[in-house]
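Chain by chain, the residues:
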Amino acid sequence: MEKAKEYIAAVYKKVEERDPHQVEFLQAVKEFFDTIEPVLVRHPKMIEENILERIVEPERLIQFRVPWTDDEGNVQVNRAFRAQFSSAIGPYKGGLRFHPSVNQSIVKFLGFEQIFKNSLTGLPIGGGKGGSDFNPKGKSDFEVMRFCQSFMTELQKYIGPDTDVPAGDIGVGGREIGYLFGQYKKLNGFGAGVLTGKPIPMGGSLARTEATGYGLVYFTNEMLKDVGRTFKGQKVVVSGSGNVAIYAIEKVHQLGGTVIACSDSDGYILDLEGINVETVKRLKEVERKRISEYVNEHTSAEYIEGSIWELENEFQIALPSATQNEINGITAKKLVAQGVYAVAEGANMPSDLEAIKVYQEHGVLYGPAKAANAGGVAVSALEMSQNSIRLSWTFEEVDDRLKDIMATIYQQCRDVAKEYGVEGDFVSGANIAGFLKVAEAMLSQGVV
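Residues numbered from 1 in each chain as written. Predicted model: local features only at pLDDT ≥ 70, side-chain atom pairs only at ≥ 80, totals over all residues. Heavy atoms only, no water.

### Here's the deal with the domain arrangement of the protein
Many analyses report the size of an interface as the accessible area lost when the parts associate. Note the following rule: Annotation comment: domain bounds sourced from an automatic or database domain assignment. We call two residues in contact when some of their heavy atoms are within 4.5 Å. Two parts placed together each lose some accessible area under a 1.4 Å probe, and the buried area is that loss summed for both.
Splitting the protein by domain gives domain 1 (1-56), domain 2 (60-191) and domain 3 (210-371). A C-alpha centroid distance of 27 Å is found between domain 2 and domain 3. Across the boundary between the two partners, domain 2 contributes 13 residues, which contact 11 residues of domain 3. Between domain 2 and domain 3, the buried area comes to about 990 Å², and carbon and sulfur atoms account for 49% of it. If you sort the residues of domain 2 by the area they bury against domain 3, Phe-109, Glu-113 and Lys-117 come out on top, with a joint share of 45%.

Right, dumping it as structure tokens:
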């Protein structure tokens, strides 16, 4: 046990010394390392083969510039990245994020988390992530198109159906994926399997749009069932109003819960009658407006500037689905005081380390992101399968597979946590279950 502790500490120190300013990446590594000791004690060969140091270093990290022309004819330049983290169990798989906050640390943290998330799905996909500090908000369709074409002109050198299969993330929806795919096709010929989250006519999968949000709720429902609860009659708060949040709200309502609030980066809406998901869909997906516009159509609702987690009303379930580190330790204590007994993460790493500690100290049912929001990448892998066999499955077929995958992920987290002596700790369960498969593949492949 002492040897495992010393090894973990030594590797983390090395990561910290190499990348001292990559705060998000260091946070993701520490959260993972804090749970992995029981595995190393049971499998000392992983220490001998230096698996941890190998897994925290991307196999390849690509950075490139993206020059493009705005509607006024001005040349703009953005920075872009692709972290191809681990191909131990399959081609790199992970989304592209277009947001001003994107930097090397963000891309590395997301790619690192993606390794274990993808492993948990049980599907043969490795971990990767990418993006750019380009902000699609406020840009015309033609500006977004020109940026995407320039971005893909460089990225296409490094991706392919059996190498690296990107998808969408924050700022990259159906519009952006369509433009990216169009440019890839122009340069390489038609290759449906090179991107997922595509529009249906280009080989996209039914239920892919809904997958992350639906999957989040399916995972949460499994947690609730294990303690004799359901969504029925529960008040729920979902942060964000993008793809994940919208379809989480929709599925919660289908299961009998009431989502009373959702948000965007400026503020949140409170609708005690229940958020009207069709209004949010139209505002965010079609009209691309701010969430504050919701109150113009629903006069019983209230718009409040600031963080949704400052909400004073009582609710029982929190589904943070906006961005990383939106909940800290202080906020987590407030949630507990308000009666929240379950938190499941639709965004990547929305709870910081102090918040996680609060959940665990107060017995909150906690579904970590790498498990709870794996539905999106799971259906992306199903999209790859459909592209490979040149067939399309119905919405119901894909949704049924998604339900089964999320139930299996929950069972893995629960059962592995119990097996390794940390029963009820789904953070450890998710990390260990995801890591074991990847580590075993790495051991079998030698030092590569």
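### Re the packing of aromatic side chains
Heads up, the rule is: Aromatic contacts are taken between Phe, Tyr and Trp rings whose centres are within 6.5 Å, Trp giving its six-membered ring; a plane angle under 30 degrees counts as stacked, one over 60 as edge-to-face, and the others as tilted. Counting as a charge over the ring demands two things of the Lys NZ or Arg CZ atom: a distance within 6 Å of the ring centre and an angle within 35 degrees of the ring normal.
Applying the stated criterion across every chain yields a total of 23 aromatic pairs. Each residue in the set Tyr-12, Phe-25, Phe-32, Phe-33, Phe-85, Phe-112, Phe-116 and Phe-435 is aromatic and connected to the rest through ring pairs, giving one cluster. The ring of Tyr-341 is capped by Arg-229, whose NZ or CZ atom sits 3.9 Å from the centre of that ring. A cation sits over an aromatic face here: Arg-401 above Trp-393, 3.8 Å from the ring centre.

### What about the pattern of salt bridges?
Pairs may arise between side chains of opposite charge once their charged atoms sit close together. This is how it is decided: We count a salt bridge whenever a side-chain nitrogen from Lys or Arg sits within 4 Å of a carboxyl oxygen from Asp or Glu. Each residue is placed in one exposure class: buried if its accessible area under a 1.4 Å probe, protein chains only, is under 20% of its type's maximum, exposed if it is over 50%, and partly exposed if it falls in between. A helix here means a DSSP run of H or I that spans at least four residues, while a strand means a run of E at least two residues long, and both kinds are numbered starting from the N terminus.
Evaluation of the coordinates by the stated rule reveals 32 salt bridges. The salt bridge involving Asp-34 is made with Lys-30; its shortest N-O contact spans 3.0 Å. Residue classification places Lys-30 among the partly exposed residues on the basis of a relative accessible area of 32%. As a salt-bridge pair, Lys-370 and Glu-113 come within 3.2 Å of each other at their nearest N and O atoms. Of this pair, Lys-370 sits in helix α15 (residues 369-372) while Glu-113 sits in helix α6 (residues 104-120), placing them 257 residues apart in sequence. Several salt bridges converge on common partners, so that one network encompasses Lys-14, Arg-18, Glu-53 and Glu-57.

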